[in-house]
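Take a look at the letters that make up each chain.
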Amino acid sequence: MSEPIRPNRSAGLLLHPTSLPGPFGIGDLGPACYQFLDSLAEARQKWWQVLPLGPTGYGDSPYQSFSAFAGNPLLVSPEMLIRDGLLSAADIPGASFPEDRVDFGAVIPYKRRLLELAWKNYQAGTGASLRDEFERFQKHTAFWLDEYALFMAVKHSQGGKYWVEWPEKLRRRDAVALRRAREELNDEIAAGRFAQFLFFRQWQ
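From a predicted model like this one, the values you see are computed outputs, not experimental measurements. (Residues numbered from 1 in each chain as written. Predicted model: local features only at pLDDT ≥ 70, side-chain atom pairs only at ≥ 80, totals over all residues. Heavy atoms only, no water.)

Caption draft 1: Representation of the overall build of the protein chain within the structure. Helices and strands together make up the secondary structure of the protein chain, namely 8 helices and 2 strands. Along the first, second and third principal axes, the C-alpha set of the protein chain runs to 75 × 45 × 35 Å. Expressed as a percentage of its 204 residues, the buried residues of the protein chain come to 39%. Across the protein chain, the fraction of contacts at a sequence separation of at least 24, relative to all contacts at a separation of at least 6, is 67%. Just so you have it, the protein chain exposes about 12600 Å², and 53% of that area is on carbon and sulfur atoms. Across the protein chain, 24 positive and 24 negative side-chain charges occur, with their mean positions spaced 5 Å apart. (Helix = DSSP H or I, 4+ residues; strand = E, 2+ residues; numbered from the N terminus. Buried < 20%, exposed > 50% of the residue type's maximum accessible area, 1.4 Å probe, protein only. Contact = heavy atoms within 4.5 Å. Areas by Shrake-Rupley, 256 points an atom, 1.4 Å probe, with all protein chains shown as cover. Lys, Arg positive; Asp, Glu negative; His and termini not counted. Charge placed at Lys NZ, Arg CZ, Asp CG, Glu CD.)

This is the structure in structure tokens:
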């Protein structure tokens, strides 16, 4: 008689990182994320289904993303930015966020300000140990990162408007208009690349 089939079964949980607890209004890739992974391991779970992690647009749905490659900068952990020397504890303002839900209207400007400050600090010389790693990241991801950062910078400069409402030359990717946009928005484009670097550095 042949041996009975014993399927190799495994189990896990579905949880988007935004649902993790934390003091910054939204779950992120910081200490709570590692604690969650430890709890999964202790419970002998093998899988964590995270749902899409891309940057979200109107409605803040993970299924409506601006990119198939980019990560959501709202998931960057301020605590990990302190660890990397890009922020100090004094740089992070206290804020009162709901404990039972994510208030994106409050979280987005809060996190954006921290990312902008981390970028300014980096430009001023902090986080020097990250420079080679950042350069390698930009080269490795250039096939999508440059165009994504340009798109998001232009979108922000247009007040967040849907791209079909942009000036015609930008909509049609006129070479002169795009070159002018890259020149005028150079710092914001670089900051966008840096935010992606921070996301993927924390996620890996």
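After that view of the structure, there is still more to cover.
Caption draft 2: Looking closely at the packing of helix α3 (residues 104-123) against helix α8 (residues 186-203). Where α3 contacts α8, the two axes come as close as 10 Å, and the packing angle between them is 100°. Considering the angle they form, α3 stands roughly perpendicular to α8. In this structure, α3 uses Leu-115, Ala-118, Trp-119, Tyr-122 and Gln-123 to contact α8, whose residues at the interface are Asp-187, Ala-190, Ala-191, Phe-194 and Leu-198. A breakdown of the residues in the contact of α3 with α8 according to their chemical character gives 8 nonpolar, 1 polar and 1 charged. (Axes fitted to C-alpha atoms, helices over the stretch in contact; angles between N-to-C directions. Parallel < 35°, antiparallel > 145°, perpendicular 65-115°, else oblique. Nonpolar A, V, L, I, M, F, W, Y, C, P; charged D, E, K, R; others polar.)

Caption draft 3: Summary view of the packing of aromatic side chains. In total, this model carries 20 aromatic pairs according to the counting rule given. Seen in terms of ring centroids, Phe-66 and Phe-151 are 6.2 Å apart; in terms of plane orientation they differ by 55°. Their pairing is tilted. Taken as a pair, Phe-66 in the loop between β2 (47-49) and α2 (78-83) and Phe-151 in helix α5 (residues 142-157) lie far apart in primary sequence, 85 residues in all. Phe-66 gets classed as partly exposed once you look at its relative accessible area, which sits at 30%. (Phe/Tyr/Trp six-rings, centres within 6.5 Å; stacked < 30°, edge-to-face > 60°.)

Caption draft 4: Here's a closer look at the nonpolar core. Leu-81, Leu-86, Leu-87, Tyr-122, Phe-194, Phe-197 and Leu-198 are the most contacted members of the largest nonpolar core, which has 40 residues in total. Elements with a minimum of two residues in this core: α1 (31-42), α3, α4 (131-140), α5 and α8. With 9 residues, α3 is the single largest residue contributor to this core. Beyond its immediate chain neighbours, meaning those up to four positions away, Tyr-122 contacts Leu-86, Gly-127, Leu-130, Arg-131, Phe-134 and Phe-194. One finds Leu-150, Leu-170, Leu-178 and Ala-181 within the second-largest nonpolar core, a separate group that totals 11 residues. (Core = buried A, V, L, I, M, F, W, Y, C linked by side-chain atoms within 4.5 Å.)

Caption draft 5: Spotlight on the environment of Glu-147. Tracing the sequence through the fold places Glu-147 in helix α5. For Glu-147, a relative accessible area of 33% gives the class partly exposed. Taking the C-alpha atoms as reference points, Glu-147 and Ile-189, 42 residues apart in sequence, are found 9.3 Å from one another. Excluding anything up to four places from it in sequence, Glu-147 contacts Arg-173 and Arg-182.

Caption draft 6: Here's a closer look at the pattern of salt bridges. Applying the stated criterion to the full structure yields 7 salt bridges. For Asp-100, the salt bridge is made with Arg-101, and the minimal N-O distance between the two is 3.2 Å. Note on accessibility: Asp-100 and Arg-101 belong to one class, exposed. Salt bridges linked by common partners bring Arg-83, Asp-84, Glu-133 and Arg-201 together as one network. (Salt bridge = Lys/Arg side-chain N within 4 Å of Asp/Glu carboxyl O.)

Caption draft 7: Up close: the environment of Val-50. Secondary-structure assignment places Val-50 in the loop between β2 and α2. Discounting chain neighbours no more than four positions away, the residues touching Val-50 are Leu-15, His-16, Pro-17 and Trp-203.

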